[in-house]
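# An overview of the molecular structure
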Amino acid sequence: MKNFKDMGKKELGLFFEEIGEKKFRAAQVYAWMMRGIQDFKDMTDLSESLRERLSEMQNSGKIALTCAQIDKVQSSTSDGTRKYLLKLLDGNFIESVFMKYKYGNSVCISSQVGCKMGCIFCASAIGGHMRNLTSGEMLEQLIAIERDTKEKINHIVVMGTGEPFDNFENLAKFLRTANDEKGLGISMRNITVSTCGLIPGIKRFAEDFPNAGLAISLHAPNNEIRNRLLPINKSYPLEELMSACKDYTEKTGRRITFEYALIKGINDSLAHADELANLLYRGLGNRLCHVNLIPLNEVSESGFSGSGAKHTADFHDRLTKRKISSTIRRKLGADIDAACGQLRMKTEFSKNKDNV
Ligand code: SF4
């Protein structure tokens, strides 16, 4: 089956040539797809016979115009956050989150079904890695959400389930389509990709996408704690990670966001805040870095819990005193399953239970 969302304009052009149609049909179909049209019959600038032909091909499973459908939506009554569970053509589920900010609408997308990185506080790691998402499946998350909310998305964070740099080729193709003015037209400056620290990916990202933003899931001020929380640290320890971050900032001139989930009794003492400040001074001279403090969303299976408000505020104050730029991330969607992977996990879990 050919998934149209996976095809760029060039590949679509070749497809139309192969079936004996004019190449320029590709641009027309591409424009309709980006507007969220799900049925060839609604592509009114195509001839009726071509619309019928494409519909027949779709009905017989030769081509697909849509590769994910919204299965469930959880809406926060307090802040407009909407969490989506989408079903892929092969029956797998993925999650995406729509968030409203003062500066616009942002969507957090997944890049894989499951994740092989095994961070122990993360619901996405439970159940392991099933497969990579295609570029079209990443794109579809945005198109489906724009269609559902009827709101324009201006920011993308690739921070949902999966390690994006473990799926670099598809990620790159997706980013180019999202940025394309005839695609979704989202500025590279409004796109942030988050990694748990795959150094080869960081280097390639600096080369290929110097205008996009980089976030690092740091979560620990030293190797001992990080080895425990993020197994990837055993392959790419903090010294090497900070050196790759320095190279990144020198090459791109861009600030890196360091994500730091505050976990009660594990990484949230004032001594840890000092250690974190020292790490960032040593690595980046405290320039071009910003720390996002996130009290951990509790995931019952992990046995960890988030730090309380006072602890979080004290940690933040200590970083500020040490002249490290940081913010406490607003907890969006606190009344829904906001930690990534939770909604999918619940669905997969109940599906498996039903199968027993
Ligand atoms: S935190 Fe990110 S990289 Fe780590 S297991 Fe979860 S999804 Fe994968």
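Each chain carries its own residue numbering, running from 1 in the direction its sequence is written. The model is predicted, so local features are restricted to residues of pLDDT at least 70 and side-chain atom pairs to those at 80 or more, both for listing and for counting; the totals for chains, interfaces and linings are taken over all residues.

### Quick notes on the overall build of the protein chain
Where we set the bar: A run of H or I in DSSP counts as a helix once it spans at least four residues, and a run of E counts as a strand once it spans at least two, with each numbered from the N terminus. Restricting the calculation to C-alpha atoms gives the radius of gyration, and the globule rule supplies 2.2 Å times the number of residues raised to the power 0.38. In this scheme the burial state of a residue depends on its C-beta neighbours within 10 Å: 20 or more other such atoms mean buried, 12 or fewer mean exposed, and anything in between means partly exposed; the C-beta positions come from the backbone.
Counting its secondary structure elements, the protein chain contains 11 helices and 14 strands. In terms of overall dimensions, the protein chain is globule-like: its C-alpha atoms have a radius of gyration of 21 Å, near the 21 Å expected for 356 residues. Along the first, second and third principal axes, the C-alpha atoms of the protein chain reach 70 × 50 × 35 Å. Every one of the 356 residues in the protein chain was classed for burial, and the buried ones make up 40%.

### Points about the domain arrangement of the protein chain
It is common to report an interface's size as the accessible area lost on association of the parts. Our working rule: All domain edges in this entry derive from an automatic or database-based domain assignment. Working definition of a contact: two residues with C-beta atoms, positioned from the backbone, lying within 7 Å. Here the term charged refers only to Asp, Glu, Lys and Arg, the term nonpolar to Ala, Val, Leu, Ile, Met, Phe, Trp, Tyr, Cys and Pro, and the term polar to all other amino acids, Gly among them.
Partitioning the protein chain into structural domains gives domain 1 (2-64) and domain 2 (68-355). Computed from C-alpha atoms alone, the centre-to-centre distance between domain 1 and domain 2 is 34 Å. Counting residues at the interface gives 9 residues for domain 1 and 13 residues for domain 2. Looking at the side of domain 1 that touches domain 2 element by element, the count peaks at 3 residues for helix H2 (residues 25-34). Classifying every residue of the side of domain 1 that touches domain 2 by side-chain character gives 4 nonpolar, 3 polar and 2 charged.

### A short note on the site of the ligand
For clarity, the cut-off: For each residue, a C-beta atom is placed from the backbone, and the residue is labelled near a molecule or strand when this atom is within 6 Å of it.
Looking at the ligand, the residues that line it are Cys115, Met117, Gly118, Cys119, Cys122, Ser124, Ala125, Thr161, Gly162, Glu163, Cys196 and Ser217. Here the shell around the ligand is built from residues that sort into 6 nonpolar, 5 polar and 1 charged.

### As for the confidence of the model for the protein chain
The criterion, for reference: pLDDT runs from 0 to 100 and stands for how confident the predictor is about each residue.
Summarising the model, the protein chain shows a mean pLDDT of 92, and 92% of its residues fall at 70 or more. Predicted confidence for residues 349-356 stays below pLDDT 50, and this span has 0 contacts to residues more than four positions away or in other chains.

### Topic: the nonpolar core
The cut-off we apply is this: Only buried Ala, Val, Leu, Ile, Met, Phe, Trp, Tyr and Cys residues enter a nonpolar core, and they are joined through C-beta atoms within 7 Å.
The biggest cluster of nonpolar side chains holds 76 residues, and the ones touching the most others in it are Val107, Cys119, Leu142, Tyr260 and Leu262. If sequence neighbours within four positions are ignored, Val107 has contacts with Ser96, Val97, Phe98, Gln141, Leu142, Ile145, Ile153 and Ile156. By size, the runner-up hydrophobic cluster in this structure holds 12 residues, among which are Phe4, Met33, Met34 and Phe40.

### Thoughts on the sheet that holds strand S12 (residues 256-262)
Threshold: Pairs of strands are assigned from DSSP output, requiring at least two bridges between the strands. Helix axes are fitted only over the stretch in contact, all axes being lines through C-alpha atoms; the angle between N-to-C directions runs from 0 to 180 degrees.
The strand order S3-S4-S5-S6-S9-S10-S11-S12-S13-S14 describes an open sheet built from 10 strands, whose pairing is mixed. Taken across any chain shown, the strands that pair with only one partner, and hence form the sheet edges, are strand S3 (68-75) and strand S14 (326-328). Across the sheet, the mean angle from the axis of one strand to that of its neighbour is 20 degrees, orientation sign disregarded. In this structure, strand S4 (residues 82-88) lies alongside strand S5 (residues 93-101), joined through 6 bridges in antiparallel fashion. Paired with Tyr84 across the bridge in S5 is Ser96.

### Topic: the packing of helix H4 (residues 135-149) against helix H5 (residues 168-179)
Note the threshold: An angle below 35 degrees is read as roughly parallel, one above 145 as roughly antiparallel, one from 65 to 115 as roughly perpendicular, and any other as oblique. Each crossing is labelled by how the near helix is turned from the far one, with a counterclockwise turn of less than a right angle marking it left-handed and a clockwise turn marking it right-handed.
It is the contact of H4 with H5, at a shortest axis distance of 8 Å, that shows an interaxial angle of 40 degrees. Accordingly, the angle class assigned to the pair H4 and H5 is oblique. Crossing of H4 against H5: the hand is right-handed. Contacts between H4 and H5 pair Ser135, Met138, Leu139 and Leu142 from the former with Asn170, Lys173, Phe174, Thr177 and Ala178 from the latter. A per-class count over the contact of H4 with H5 returns 5 nonpolar, 3 polar and 1 charged.

### Section: unusual backbone geometry
Backbone geometry places His219, a non-glycine residue, at a positive phi of 60 degrees. Tracing the chain through its elements places His219 in the loop between strand S11 (213-217) and helix H7 (223-229). Take His219: there are 25 C-beta atoms within 10 Å of it, and that puts it in the buried class. Even without glycine at this site, Lys323 takes up a positive phi of about 65 degrees. One can find Lys323 in the loop between helix H10 (309-321) and S14.

### Details of H4
Formally: One less than the number of residues in a helix, times 1.5 Å, gives the span that helix is expected to have.
Compared with the 21 Å implied by 1.5 Å per residue over 15 residues, the 22 Å span of H4 between its first and last C-alpha is a close match. Judged by how many residues are buried, H4 sits mostly within the fold: 11 of 15 residues are covered. The positive-phi residue at the C-terminal boundary of H4 is Lys150, with phi of around 60 degrees.

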